[in-house]
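In case you want the letters, here they are:
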Amino acid sequence: MTGSRIIGTGSALPRQIVTNADLAQRVDTSDEWIVARTGIRQRHIAQADETTATLATAAARAALDDAGVEASSIDLIVLATATPDNTFPATATKVQHALGCNGGIAFDVAAVCSGFLYALSVADSLLKTGMAKRALVIGAETFSRILDWDDRTTCVLFGDGAGAVVLDAPAAGDAGKDTPGILGTRLHADGAQHDLLYVDGGPSTTQTVGHVRMKGPEVFRHAVVNLAEVLREVIEDAGISVADIDWVVPHQANARILDATARKLGISPDKVVVTVHAHANTSAASVPLALDTARKDGRIKAGDLVMLEAMGGGFTWGASLIRM
Ligand code: COA
C-alpha cells in the first residue's frame, strides 16, 4: 500500500541570526574552527517572545498555505520536539489552538534529532488506519534554551527553528513506486548509547531543564555507520538503486557527517540538500526545514524520489523514502 502524501511544506526561523564571530566573543572558538569541523557559519536563535510553539505554528501556517488547504481540515497534529514549551500539555495542543483547528488528535513525539522521521511515520500509520484524514507533521525546537553557553564543544553546533508538512491519507487505489507518497520507512533506537548524547536534567530526575551533553567524536562515528545502514535498508525494502534517488534530505548536524555518509553509499554530493551552514543543527526541525528550503528554491520537484534520514540522542535513527 502506498503511504500518505506530502501536499505542502513550510518552515519558520527566529528573527535573530548569530554568527560564528558572535560566538567567538563568548567562548574560546573561531569562525575557522567551526566552519572547518562542521560547515556551520550561522544559526538563528529565538528571543523571549519566540517559543517552540510560535515557531511551529508559523511553519504549520506556511505549510497549510503551500498546500492550499484550511486549518479546519486538519484532524491530526504530530509535533516532534525535545524542547517543548512546557512539560505538559503537549506543544502540539498549543499549535492546534493557535491554528484554530481544535477537535482532532494532537500530541508530541520525543526522538530528538530523529523526531521528525518518527512523527512522520506515526502520522502516516494513523492516516493509513483511517483514524484521521489530513495531518500536520511538525519538527520544532528552541535548542538554544538547553545549551550550556559556556561549553564550546556543544554551544556552537545548534540553532532554533521549525519545519512542517501537510500529509494527506493515501487515496484509495494508490499503488506503485511512481505514485506520490511515503514508499517506505525504517526506524531504530539503541538506549545503550544514552551517555553519548543527552540532557543532564528533567522533571523526574533533577527538576531542572538541564543542558545538552555530548561526546562529539563518538557520536560522529556512530552516526555515519547507523545512517549508512538504515539508508541501505530502506533502499533494499523499496527495491530501488542508489542512482534512482533524486535528493537526499539529511538531518543537518554536521557537513562532514553528510559527506561521509554520502561517500559510503556512493551518493553524489550534488544530490544532498545541505542547509547546515545557515541553520546549524536544529534537531527535530532540521529535516523539514531542509525539505522546505529545497522545495521552495526549486530543487525538489513533484515526482522526485526523496530520501529523508536522521540520527539523534537515544540513540534514535531512521530513514524514509518519499515520492513527492
Ligand atoms: N572551538 C574551538 N575548539 C574546539 C571547539 C570549538 N567550538 N570545540 C572543541 N574544540 C577543541 C577540543 O577541545 C579539542 O581540543 P584538544 O585537541 O586540545 O583537546 C579539539 O578542538 C578537537 O576536538 P574534537 O572533539 O576531537 O573535534 P572533532 O573533529 O571531533 O569535532 C565535533 C567536534 C563536535 C564538531 C564533531 O565531533 C561532531 O560533529 N560530532 C558529531 C556531533 C553531532 O553531530 N551531534 C548531533 C547528532 S544529532
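Residues numbered from 1 in each chain as written. Predicted model: local features only at pLDDT ≥ 70, side-chain atom pairs only at ≥ 80, totals over all residues. Heavy atoms only, no water.

1. A closer look at the environment of Q252
Here's step 1: Along the chain, Q252 turns up in the loop between β11 (247-250) and α8 (255-265).
Here's step 2: With relative accessibility at 0%, the residue Q252 sits in the buried group.
Here's step 3: C-alpha of Q252 to C-alpha of S73: the two residues are 179 residues apart in sequence and 31 Å apart in space.
Here's step 4: Apart from residues no more than four positions distant in its own chain, Q252 is found in contact with L258, V273, V274, T275, V276, A280, N281, S286 and A290.
Here's step 5: Looking at Q252, its side chain comes within polar contact range of the main-chain oxygen of P250, at 2.8 Å.
Here's step 6: Within the local environment of Q252, its side chain forms a polar contact with the backbone nitrogen of V276, the two atoms lying 3.1 Å apart. (Helix = DSSP H or I, 4+ residues; strand = E, 2+ residues; numbered from the N terminus. Buried < 20%, exposed > 50% of the residue type's maximum accessible area, 1.4 Å probe, protein only. Contact = heavy atoms within 4.5 Å. Polar contact = N/O pair within 3.5 Å; in protein donor to acceptor, adjacent residues only side chain to side chain.)

2. Regarding the pattern of salt bridges
Here's step 1: If you walk through the whole model with that rule in mind, you get 15 salt bridges.
Here's step 2: As a salt-bridge pair, D66 and R295 come within 2.6 Å of each other at their nearest N and O atoms. Placement of D66 in helix α3 (residues 52-67) and of R295 in helix α10 (residues 286-296) is noted, with a sequence separation of 229 residues between them.
Here's step 3: For R295, a relative accessible area of 26% translates into the label partly exposed.
Here's step 4: Close ionic contact of D237 with R186 constitutes a salt bridge, the shortest N to O distance being 2.8 Å. (Salt bridge = Lys/Arg side-chain N within 4 Å of Asp/Glu carboxyl O.)

3. Concerning unusual backbone geometry
Here's step 1: In the segment running from F88 into P89, the intervening peptide bond is cis, with an omega of 0°.
Here's step 2: Note on placement: P89 falls in the loop between β4 (76-80) and α4 (91-99).
Here's step 3: Cis geometry is found at the peptide bond from G314 to F315, where omega equals -10°.
Here's step 4: The backbone of V112 shows a phi angle near 50°, a positive value even though the residue is not glycine.
Here's step 5: Residue placement: V112 occurs in the loop between β5 (105-109) and α5 (115-129).

4. Topic: the side chain of N20
Here's step 1: Residue placement: N20 occurs in helix α1 (residues 20-24).
Here's step 2: Since its relative accessible area comes to 0%, N20 is described here as buried.

5. Notes on the sheet that holds strand β12 (residues 305-312)
The pairing of strands in a sheet comes from backbone hydrogen bonds and takes either a parallel or an antiparallel form.
Here's step 1: Overall, mixed pairing links the 4 strands, which are arranged β8-β13-β12-β11 in an open sheet. Either end of the sheet is taken by a strand with one partner, and the two such strands are β8 (181-189) and β11. Looking at each pair of strands side by side, their axes are set apart by 15° on average, direction ignored.
Here's step 2: Relative to strand β13 (residues 316-323), β12 runs antiparallel, the two being bridged by 8 bridges. Looking at β13, one finds that L305 is bridged to R323.
Here's step 3: Helix-sheet contacts for α5 involve β8, β12 and β13, and the interaxial angle to β8 is about 125°.
Here's step 4: Of the strands in this sheet, β11 and β12 are in contact with α10, which crosses β12 at around 155°. (Pairing = 2+ DSSP bridges. Axes fitted to C-alpha atoms, helices over the stretch in contact; angles between N-to-C directions.)

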